[in-house]
Amino acid sequence: MSTVLIEIRRAKPSDAKTVADTHDEAWRATYQGVIPGVELDRLITRRGPDWWDSAIRKGSRIAVFGFGDKVAGYANYGRNRARSLFYDGEIYELYMRPEYQGLGFGRRLFTSARRDLAQSGLKSLVVWALSDNEPAVEFYRALGGKAVARSSERFGERSLDKVAFAWNG
């Protein structure tokens, strides 16, 4: 019998390449056909290993979900960036590699990020999701998030609606 270690921990500089690979896989699976192809490629390329290494070294809150010796997902989070929304913290990104989605691991990563924010005094929380990303919208609703705001974002020639979900203390 073998045992596979599952852990959620802060990202280290040595994780930069695998976080970049996870970002690439998750974004391509999630946004193919939603974000125009050239724009999607540009967004993914911009967040390569050097970008992640810099973010990790600067102290950005990036947690990785480790499954065995592989990074299966990550969350990037911190203070809320939207001044018009009165929530303390924000999960900027939470992505799992496609083969790890739908298994409850995203919920564990979300809970860990939320707990880390709360331990820093950031009790309330907001998360933005593209409205066309139905799995993410359903995921945040299933976690008890309430839709509190709507906005839009341009990706090349296309404007996409997004929704903010929030949790209080």
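Scroll up for the structure.
Parameters at a glance
Here the residue numbering is sequential within each chain, running from 1 through the sequence in written order. Predicted model: local features are reported for residues with pLDDT of at least 70 only, side-chain atom pairs are reported and counted for 80 or more only, and whole-chain, interface and lining totals are derived from all residues. The side-chain figures draw on all heavy atoms in the structure; neither hydrogens nor water molecules are used. The term salt bridge refers to a side-chain nitrogen of Lys or Arg lying within 4 Å of a carboxyl oxygen of Asp or Glu. By definition, any uninterrupted DSSP run of H or I lasting at least four residues is a helix, any uninterrupted run of E lasting at least two residues is a strand, and each is numbered from the N terminus. In this scheme, a residue with accessible area under 20% of its type's maximum is buried, one over 50% is exposed, and one in between is partly exposed, where area comes from a 1.4 Å probe on protein chains only. Here, a strand pair is defined by DSSP locating no fewer than two bridges between the strands. Within 6.5 Å between ring centres, the rings of Phe, Tyr and Trp (the latter by its six-membered ring) count as paired, and their orientation is classed by plane angle as stacked under 30 degrees, edge-to-face over 60, tilted in between. Whether a charge sits over a ring depends on NZ of Lys or CZ of Arg being within 6 Å of the ring centre and within 35 degrees of the ring normal.

Trainee: What should I look at first to understand the pattern of salt bridges in this one?
Mentor: Pairing between side chains of opposite charge can happen when the charged atoms of each approach one another. Going through the model one piece at a time under the given rule, you end up with 15 salt bridges. E25 serves as the salt-bridge partner of R97, at 2.6 Å between the closest nitrogen and oxygen. Placement of R97 in the loop between β4 (89-96) and α4 (105-119) and of E25 in helix α1 (residues 16-31) is noted, with a sequence separation of 72 residues between them. The class of R97 is buried, set by a relative accessible area of 5%. Close ionic contact of R47 with E93 constitutes a salt bridge, the shortest N to O distance being 2.5 Å. Remark: E93 occurs in strand β4 and R47 occurs in the loop between α2 (37-46) and α3 (49-57); sequence separation between them is 46 residues. Like R47, the residue E93 is buried in the burial classification. One continuous salt-bridge network, built from bridges that share partners, spans E7, R9 and D15.

Trainee: Please explain the pairing of strand β2 (residues 61-67) as it appears in this structure.
Mentor: Two faces, one strand: in a regular strand the side chains alternate between the faces of the sheet. β2 sits mainly inside the fold: six of its seven residues count as buried. Of the pairings in the sheet, the one linking β2 to strand β3 (residues 70-79) comprises seven bridges and is antiparallel in character. Bridge assignment links F65 to a residue of β3, and that residue is G73.

Trainee: Looking at this structure, I do not really get the packing of aromatic side chains. What am I missing?
Mentor: Note on aromatic pairs: each is described by the distance of the centres and the angle between the planes. Taken as a whole and judged by the stated rule, the model has 15 aromatic pairs. Ring centres of Y100 and F105 lie 6.4 Å apart, and the angle between their planes is 45 degrees; on these two criteria the pair is classed as tilted. Taken individually, Y100 and F105 each receive the classification buried, so the pair is uniform in this respect. For the ring pair F139 and Y140, a centre distance of 5.1 Å and an interplane angle of 70 degrees mean the geometry is edge-to-face. Take Y140: its relative accessible area is 6%, and that puts it in the buried class. Put simply, the rings of W27, Y31, W51, W52, Y74 and Y95 touch in pairs and so form one group of aromatic residues. The positively charged end of R47 is found above the aromatic ring belonging to W51, 3.9 Å away from the centroid. Here the guanidinium or amino end of K162 rests over the ring plane of W128, the centre of that ring lying 5.2 Å away.

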